[in-house]
Amino acid sequence: MSEESKHSLPVINNGMSRRTLLKGVGATLGASSFAIAIAPIAQWAKDTSVDEFLQQHYKELSSSDLDQVITRLEQDAKDKYGADVTIRDHQPLPDVQFAYALNLSICIGCRRCAEACHQENNHDRATSNSYIRVLEMDKGSLNLEHGKVNYDHPVPADDKFYMPVQCQQCENAPCVNVCPVEATWQEEDGIVVVDYNWCIGCRYCEAACPYHARRFNWKKPEIPKQEINPKQGYLSNRIRPQGVVEKCHFCLHRTRQGQLPACLEACPTGARVFGNVLDPDSEIRWVLENKRVFVLKEELGTKPRFFYFFDE
Amino acid sequence: MNKYSAQTDQSSHKNVLYKVIYTVICSVFALSVLVMFGTTTEQINNKLPTKGLKDQNFLNKVNYQVSINKPKKSPVVVLEETDFHGRPLTASCTTCHSTRQPNNTLNDSSKLDEFHPDLILNHGQLSCMSCHNAGDYDKLKLANGQTLDYTNVMQLCAQCHGPQHRDYQNGSHGGMQGYWDLSKGPRVRNNCTDCHNPHTPAFQKFRPVFPPDRDLTQEHSFLIDVKSKSIKGNIVEIQENE
């Protein structure tokens, strides 16, 4: 595939500055849709410091630049939220390719995973945002369109099964392909990340994701100081600015330090399996080799790293 | 054509030849590897993102342990009487059972009228002595008659639930906490009895927590606009089984 056809918009060359870029987007979209797409930016731009606005793309920051940015962000958290946080720039580990699998025979749909994600990742409290959605589905039916998310009765209900859905960390990620500013990309270990300071909030990625895994920050996240998780990652759970898109990042601030993701640890049923597929002795590898795993929407060719299976 | 370019031509022919030989050697090697480990490599490659998936020579550095929760050495019965602090008194199983004739055939908890009033057994058609040890009530018993400490209760479950125990050992049943990477930190695992009461082992029902945001729900009433064919694998089988 040529560079051109990969992007639905004219390819943005690295040389282009962020401001001309915004203009460029407007030109191709037409004025009205541009206004809608860009509305969030207009809204928050007045609260944004010049530093923040001009911050370079994460991948181009030198390490000393990044140190400065991180110091600024930590100070921001102190000023705006009163919290002492540590933001680290966790790098992919060598010889590690992450994958995740979920046992649908075991999951009971209790939503503890979604709750743990909410807390771990410093989501806005009022909107009870989470990177995970749990679908309640009829056994014997494959009609995912009718999967219900707001069920409220003891689980598991007879004749139902439950399917948590989060970012599938696709190798061939539609969200990455449509991003006009390359604010989202796949890292060496397979995790698709977002540079929250580079994202322009156009939400093309959100629309492109066949799994509805991306979330948009409509407003500045509100979190009580004592509930803020202070262990933060630059590309993961640091408090996101308003007007940007975010998504599950396999808890990279934990997993790149060897820990298990928060949703896995919170699962009371043991339905979740996570690990390094390059390690032949890993649990995830055992599942991939011994269970009949499947991926969602395989025909789209997205090549997810998130697998589902049933016990036989 | 000058001499110089002729030479390079020749050497590039040589290069091609080397490349062919190299490719042949490589494929023979790859083939033999496939024959040896064939199915697994093949399977994974079909399922996984292809990028970078090759077996590393893992020097599995395991600096930390996997520990499994263990129950108390032996359970006790909480009595109605209290000590002078007002704490309930407890009695070990042998307090009474060392002097009582064991009932080897009891398999119906509703027949317990003298004692253990609240105990309910709903576990296949098992009798008490499928697990308890008539010779020593402070211990369990395996199918072959061997005495087993309560701390090793998983061995008891394993003898009748092979598939779940296998899955557990491979990390796909029973959950875990801590580190996926044992070179960086330890891992803790649940005991079977943390999740399954041995007498009524069916997993309890939960009230779901954390209802999703209503706006979100409305935004995509849900969602995955897939046709059934997009889901491969066992779901289809489940459909047939149900």
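As the structure is a prediction and not an experimental result, all values here were calculated from the model.

A. Focus on the overall build of chain A. Across its full length, chain A carries 11 helices and 11 strands. Counting over 312 residues, chain A shows a buried share of 61%. For chain A, the exposed surface amounts to about 12100 Å²; the carbon and sulfur share of it is 51%.

B. Spotlight on the environment of Gln119(A). Residue and element names in this part refer to chain A. Checked against the element boundaries, glutamine 119 lands in helix H6 (residues 112-120). In sequence terms glutamine 119 and isoleucine 228 are 109 residues apart; their C-alpha atoms lie 7.8 Å from each other. Once residues within four sequence positions are removed from consideration, glutamine 119 is found in contact with Arg125 and Asn229.

C. Spotlight on helix H11 (residues 283-290) of chain A. With respect to burial, H11(A) is a largely interior element, 6 of its 8 residues being buried. Of the positions making up H11(A), those classed as buried are Glu283(A), Ile284(A), Arg285(A), Trp286(A), Val287(A) and Leu288(A).

D. Main features of the sheet that holds strand E11 (residues 306-309) of chain A. All names here are of chain A. Strands sit in the order E10-E2-E11 across an open sheet of 3 strands; the sheet is mixed. Whereas interior strands pair on both sides, the edge strands pair on one side only; in this sheet they are strand E10 (272-276) and E11. Across the sheet, the axes of successive neighbouring strands diverge by a mean angle of 20°, strand direction being ignored. Relative to E11, strand E2 (residues 98-103) runs parallel, the two being bridged by 4 bridges. Counted as the bridge partner of asparagine 103 is phenylalanine 309 from E11. Against the sheet, H11 contacts E2, E10 and E11, and its axis sits at roughly 110° relative to E10.

E. Here's a closer look at the confidence of the model for chain A. When pLDDT is averaged across chain A, the result is 84; 81% of the residues are at 70 or more. Ignoring residues within four places in sequence, the model shows residues 1-45 of chain A, a span with pLDDT below 50, making 44 contacts including any to other chains.

F. A look at the confidence of the model for chain B. Residues and elements named next belong to chain B. Scored by pLDDT, chain B has a mean of 74; 63% of the residues are at 70 or more. The low-confidence segment residues 28-46, where pLDDT is below 50, has 9 contacts with residues more than four positions distant or belonging to other chains. pLDDT under 50 marks residues 215-242. Its contacts with residues more than four places away, or in other chains, come to 63 contacts.

G. Expanded view of the packing of aromatic side chains. Considering all chains together, one arrives at 13 aromatic pairs over all chains under this definition. With a centroid separation of 5.6 Å and an interplanar angle of 85°, the aromatic rings of Phe250(A) and Phe274(A) are classed as edge-to-face. Placement of the pair is Phe250(A) in the loop between strand E9 (245-246) and helix H9 (252-255) and Phe274(A) in strand E10, with a sequence separation of 24 residues. What makes Phe250(A) buried here is its relative accessible area of 2%. Exposure remark for Phe274(A): the relative accessible area of 2% places this residue in the buried category. When the centroid spacing of 5.3 Å and the interplanar angle of 45° are considered together, the rings of Phe306(A) and Tyr308(A) count as tilted. Of the residues examined, Phe306(A) reaches a relative accessible area of 0% and is grouped as buried. A residue is classified by how much of its surface remains accessible, and Tyr308(A), at 0% relative accessible area, is buried. Its end group placed over the ring of Tyr234(A), Arg238(A) keeps NZ or CZ at 4.2 Å from the ring centre. Above the ring of Tyr168(B), the side-chain terminus of Arg189(B) is found at 4.0 Å from the ring centroid.

About the criteria used
Residues numbered from 1 in each chain as written. Chains lettered and ligands numbered in written order. Predicted model: local features only at pLDDT ≥ 70, side-chain atom pairs only at ≥ 80, totals over all residues. Heavy atoms only, no water. Helix = DSSP H or I, 4+ residues; strand = E, 2+ residues; numbered from the N terminus. Buried < 20%, exposed > 50% of the residue type's maximum accessible area, 1.4 Å probe, protein only. Areas by Shrake-Rupley, 256 points an atom, 1.4 Å probe, with all protein chains shown as cover. Contact = heavy atoms within 4.5 Å. Pairing = 2+ DSSP bridges. Axes fitted to C-alpha atoms, helices over the stretch in contact; angles between N-to-C directions. pLDDT = per-residue confidence, 0-100. Phe/Tyr/Trp six-rings, centres within 6.5 Å; stacked < 30°, edge-to-face > 60°. Lys NZ or Arg CZ within 6 Å of the ring centre and 35° of its normal.

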